[in-house]
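Coordinate analysis (summary)
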Amino acid sequence: GNIVTGVPIDSKAPRIPANVTVVVPPVNGALKVSWDNPADTDSVWYRIYRSTESNVYSADPIDTVDAYSMEKLDTGLDGSTTYYYRLTAIDTYYNESGYSTEVYQKTNIKILGIVVPNGKNIYIYFSESIENDTNVVDTSNYFVDGNVRVLTATPVNNLLILTTDVQTYGDN
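In short, a report on the structure.

1. Observations concerning the sheet that holds strand β2 (residues 31–36)
The three strands are arranged β1-β2-β5 in an open sheet whose pairing can be described as antiparallel. One side of each edge strand has no neighbouring strand; the edge strands of this open sheet are β1 (18–23) and β5 (71–74). Going across the sheet, the axis of each strand differs from the next one's by a mean of 10°, ignoring polarity. Bridge count for β1 against β2 is four bridges, and the pairing is antiparallel. Paired with V23 across the bridge in β2 is K32.

Listed below in structure tokens is the structure:
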């Protein structure tokens, strides 16, 4: 009879990435996705899929990272928007795992600009109204260089006015 020799072909997909999480990092317009490496020894890449709708994804991943990566900083995102993520693992034979559990997170409101005119005020402009955000009035959320203390934080639509205890000298 005929004897066939050669390298065995792996047609088994790797395990699905586990413990996928997404958090808001201290970066404007970004989210950080992280995951655990499956126990497979032949996973070489991860594909990361993103959407603004639950369970509605493009066939094309936003990124493919090597198996040593356990996180992806996704930048350039719109402010105050919920993003959904899922991952797959790819092995050396390009077998792709099933999708991971979907995770989602809302990005922070974007800061559009900060103005420091002469006086004791600092003006921070946001991409949308912050008047209903109770966190913005908590003065302990702000750190200004040196010994400057923030006395009040007053939201007016998409503008936050920080009043400090030190005379500032701006660019104008």
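2. A short note on the environment of P25
Examined against the element boundaries, P25 turns out to sit in the loop between β1 and β2. Taking relative accessible area as the criterion, P25 reaches 10% and is therefore assigned buried. Sequence-wise, P25 and D74 are 49 residues apart; in three dimensions their C-alpha atoms are separated by 9.8 Å. When sequence neighbours within four positions are dropped, the list of residues in contact with P25 reads A30, L31, K32 and L73.

3. So, the sheet that holds strand β7 (residues 103–106)
Read across the open sheet, the four strands follow the order β4-β3-β6-β7; overall the sheet is antiparallel. Of all the strands in the sheet, just β4 (63–66) and β7 have a single pairing partner and so form its edges. Neighbour-to-neighbour, the strand axes of the sheet open up by a mean angle of 30°, direction not taken into account. With four bridges connecting them, strand β3 (residues 43–51) and β4 associate as antiparallel partners. Following the sheet pairing, I48 is matched in β4 by D63.

4. Some points on the layout of surface pockets
The space that makes up the largest pocket amounts to roughly 660 Å³. Among the elements of the structure, β8 (111–115) and β9 (119–126) are those that each provide at least two residues to the lining of the largest pocket. Among the elements that take part in the lining of the largest pocket, β9 stands out by supplying three residues, more than any other. Its residues placed into classes, the lining of the largest pocket shows 15 nonpolar, seven polar and two charged.

5. Details of the packing of aromatic side chains
Applying the stated criterion across every chain yields a total of four aromatic pairs. Arranged with centres 5.3 Å apart and planes meeting at 20°, the rings of W45 and Y94 form a pair that is stacked. Taken together, the residues span a long stretch of sequence, with W45 in strand β3 and Y94 in the loop between β6 (82–91) and β7 at a distance of 49 residues. Against the face of Y99 rests R86, its NZ or CZ located 3.5 Å from the ring centre.

6. A word on a nonpolar patch on the surface
Together, I111, I114 and V116 give the surface a local cluster of nonpolar side chains, amounting to about 240 Å² of exposed area. Within the secondary structure layout, V116 lies in the loop between β8 and β9.

7. Regarding the environment of Y125
With respect to the element layout, Y125 can be found in strand β9. Sequence spacing of Y125 and G29 is 96 residues, and the spatial spacing of their C-alpha atoms is 15 Å. The contact partners of Y125, leaving out residues within four places of it in the chain, are K110, I111, L112, G113, V115, N158 and L159.

The rules behind these values
- Residues numbered from 1 in each chain as written.
- Predicted model: local features only at pLDDT ≥ 70, side-chain atom pairs only at ≥ 80, totals over all residues.
- Heavy atoms only, no water.
- Pairing = 2+ DSSP bridges.
- Helix = DSSP H or I, 4+ residues; strand = E, 2+ residues; numbered from the N terminus.
- Axes fitted to C-alpha atoms, helices over the stretch in contact; angles between N-to-C directions.
- Buried < 20%, exposed > 50% of the residue type's maximum accessible area, 1.4 Å probe, protein only.
- Contact = heavy atoms within 4.5 Å.
- 1 Å grid on protein atoms, 1.4 Å probe; cavity = no way out; pocket = protein on both sides within 12 Å on 5 of 7 lines; lining within 4 Å.
- Points joined across faces, edges and corners; volume = space filled by probe spheres on them.
- Nonpolar A, V, L, I, M, F, W, Y, C, P; charged D, E, K, R; others polar.
- Phe/Tyr/Trp six-rings, centres within 6.5 Å; stacked < 30°, edge-to-face > 60°.
- Lys NZ or Arg CZ within 6 Å of the ring centre and 35° of its normal.
- Patch = residues over 30% accessible without salt bridge, like charges linked within 9 Å, V, L, I, M, F, W, Y side chains within 5 Å.
- Areas by Shrake-Rupley, 256 points an atom, 1.4 Å probe, with all protein chains shown as cover.
- Salt bridge = Lys/Arg side-chain N within 4 Å of Asp/Glu carboxyl O.

It is worth stressing that arrangement in space is one thing and function is another; only the former is reported here.
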